[in-house]
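Structural characterization, general
What follows is each chain in one-letter form.
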Amino acid sequence: MTSIVVEVRIPGSKSVTARALFLSATAAGTSELLHPLRSDDTEAFAAGLTSLGYPVQLSESSWTVTGSAAGPSGQASVYCRDAGTAARFLPTLAGCGSGRFRFDASEQLRRRPIQPVTDALRKLGAKVSFEGAEDHLPFTIDTSGLTGGSIEVDAEVSSQFLTGLLMSAPLMRDGLTIHVPRLVSAPYIEMTVRMMASFGVRVETDGTTFAVPAQPYSAQRYEVEPDASTSSYFFAAAALTGNSITVSGLGSGSLQGDVEFARILQQMGAEVDFGERHITVTGTGQLHGIDVNMRDVSDTMPTLAAIAPFADGPVRISDVANTRVKECDRLEACAVNLRRLGIQVSTGPDWIEVQPGTPEPALMECFHDHRIAMSFSITGLRTPGITLDDPDCVRKTFPEFHEVLAGVRQAWGSSNGA
Ligand SMILES: O=C(O)C1=C[C@@H](OP(=O)(O)O)[C@@H](O)[C@H](O)C1
Ligand SMILES: C=C(OP(=O)(O)O)C(=O)O
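- In the nomenclature of an unreviewed UniProt entry, the protein is known as 3-phosphoshikimate 1-carboxyvinyltransferase of Jatrophihabitans lederbergiae.
- As stated in UniProt under Sequence similarities (unreviewed entry), the record for the protein gives "Belongs to the EPSP synthase family."

A short note on the confidence of the model for the protein
- When the pLDDT values of the protein are averaged, the result is 97; 99% of them are 70 or greater.
- Predicted as a complex, the structure gets a pTM of 0.98 and an ipTM equal to 0.99.

Considering the site of ligand 2
- A83, G84, T85, D299, K326, R371 and T397 make up every residue found near ligand 2.
- Here the residues of the shell around ligand 2 are counted per class, giving one nonpolar, three polar and three charged.
- No fewer than three residues from each of domain 1 (14–206) and domain 2 (226–415) sit in the shell around ligand 2.

Focus: the nonpolar core
- Core analysis: the biggest nonpolar cluster contains 72 residues, and L21, L23, C80, A87, L162, L165 and L166 have the highest contact counts within it.
- With seven residues, the single largest contributor to this core is helix 1 (residues 14–25).
- Not counting chain neighbours up to four residues away, the residues in contact with L162 comprise V153, A155, I178, V180, L183 and I189.
- The next biggest cluster of nonpolar side chains, apart from the first, holds 66 residues, and it includes A262, A270, M294 and V315.

What to know about the sheet that holds strand 15 (residues 244–248)
- The strand order 1-15-17-16 describes an open sheet built from four strands, whose pairing is mixed. For this open sheet the edge positions go to strand 1 (5–7) and strand 16 (271–274), each flanked by a neighbour on one side alone. Averaged over all neighbouring strand pairs, the angle between strand axes comes to 15°, with direction disregarded.
- In the sheet, strand 1 pairs with strand 15 via three bridges, with the strands oriented parallel. What sits directly across from V6, in strand 15, is I245.
- Relative to the sheet, helix 8 (residues 228–241) contacts strand 15 and strand 17 (278–282), its axis offset from that of strand 15 by approximately 155°.

Topic: the pairing of strand 17
- Counting buried residues along strand 17, four of its five residues qualify, which places the element largely inside the surrounding structure.
- With five bridges joining them, strand 15 and strand 17 adopt antiparallel strand pairing. By the bridge assignment for strand 17, T246 is matched with T280.
- Relative to strand 17, strand 16 runs antiparallel, the two being bridged by four bridges. Among the inter-strand pairings, V272 is bridged to a residue of strand 17, identified as V281.
- Hairpin connection of strand 16 to strand 17: three residues between the antiparallel strands.

What counts as what
- Position numbers for residues count from 1 along each chain, tracking the sequence in the order it is written.
- Just so you know, chain letters begin at A and ligand numbers begin at 1, following the order they were written in.
- Per-residue local features of the predicted model are confined to residues with pLDDT of at least 70, and side-chain atom pairs are confined, for both listing and counting, to 80 or more; whole-chain, interface and lining totals are unaffected and use all residues.
- UniProt positions are given in the numbering used here, feature names are shortened, and annotations may be inferred rather than shown by experiment.
- The pLDDT value expresses, per residue, how confident the predictor is, ranging between 0 and 100.
- For each residue, a C-beta atom is positioned from the backbone; the residue is called near a molecule or strand if that atom sits within 6 Å of it.
- Throughout this entry, Asp, Glu, Lys and Arg are counted as charged residues, while Ala, Val, Leu, Ile, Met, Phe, Trp, Tyr, Cys and Pro are counted as nonpolar. The remaining residues, Gly among them, count as polar.
- Domain ranges listed in this record stem from an automatic or a database domain assignment.
- Buried Ala, Val, Leu, Ile, Met, Phe, Trp, Tyr and Cys residues form a nonpolar core when they are connected through C-beta atoms within 7 Å.
- Residue burial is a threshold on neighbouring C-beta atoms within 10 Å of the residue's own C-beta, all placed from the backbone, with 20 or more meaning buried, 12 or fewer meaning exposed, and counts in between meaning partly exposed.
- To qualify as a helix, a DSSP run of H or I must reach at least 4 residues; to qualify as a strand, a run of E must reach at least 2; elements of each kind are numbered from the N terminus.
- We call two residues in contact if the C-beta atoms placed from their backbones are at most 7 Å apart.
- By this definition, two strands are paired if DSSP reports at least two bridges between them.
- To define axes, lines are fitted to C-alpha atoms, for helices over the stretch in contact only, and angles between the resulting N-to-C directions are given on a 0 to 180 degree scale.

Structural data, given as structure tokens:
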């Protein structure tokens, strides 16, 4: 079977956009971000920086950030909406300033863990007062700058705790050495270290200790690469339907660990051309069962779980405990929806196993989680009649998802002569 390759334009990476915004804000001068992601999460991040005194101007294809080497000063209130990145990265920046800074978020994000961040703030000299539950948002930071020095941070629940501290470390009086006994989602830390280098700051690391001297960032003109986690839905769609898709701007040089999702599809039987700056996935009509550890790429766990029933054997995904503390408990959310489709599934504390089967039409419960909505939309390519209870929740990272998916289907349809 020959299939026509459809190229899909994927918006900028959420994680790269958030880091580029942070690093631009803390570099004296004006930085320009090219092709950033415009979505609920990155708008919350940009608005948070603007509230802290680092104005971000948003236009269609580039954003301009007016940075300053000094931490924020005075009083500010930051509302993080649903964005884990904003809640975990911005408080340490606020701590490096001088004044009183209040942080709050949606009900969903208020429930998510943040204690390693607030513990670190206190150890480094700030006062943190919680309004409701201890060690959760909302809280207020009273600070006159962070001393820095040496600290231990457990990043087993989220790597975002470490990223916020790393990016803030050059602003601390003595710089910061961080000992990290446990780390999940390690590729995101590599991304942080590589992007800090792009903005002029070197981190010395052996993988468990990270040493960052006090030093200035430098302003940049920075190109944001397409989002690899978002690309996973289109790669999965191609693998599932026997079509071909290319994403340009992603490949072996990517900053994002989630590009590895394409290689998982390859192990399952898809044909994958993994270039330096493009990835093409072609469905072969074969999708094999797999036993795969997704600790490094867990944002793509729901993508795989949602296409798993179509494999010719069980799909077992392991080492993904922290997907239980994302926008929702993603292991349970996948299990609930797969069962609604009539598929046999079992879960444990950090794993899910999906049996092969033929999904029946059903209403999918999104749990206000963009990744659940996008993943089960892909299941719908093979099972007409699958609907979502909250299709708009995709706006967290990809407001145009449904339109773009419809466009890809149409392009495939016409290339197949349909
Ligand atoms: O640093 C980042 O940009 C992110 C890190 C990951 O979180 P965890 O480290 O909590 O797994 C990922 O799930 C999230 O979407 C973005
Ligand atoms: C976990 C995610 O987001 P957050 O940055 O809110 O943690 C996600 O995008 O899948």
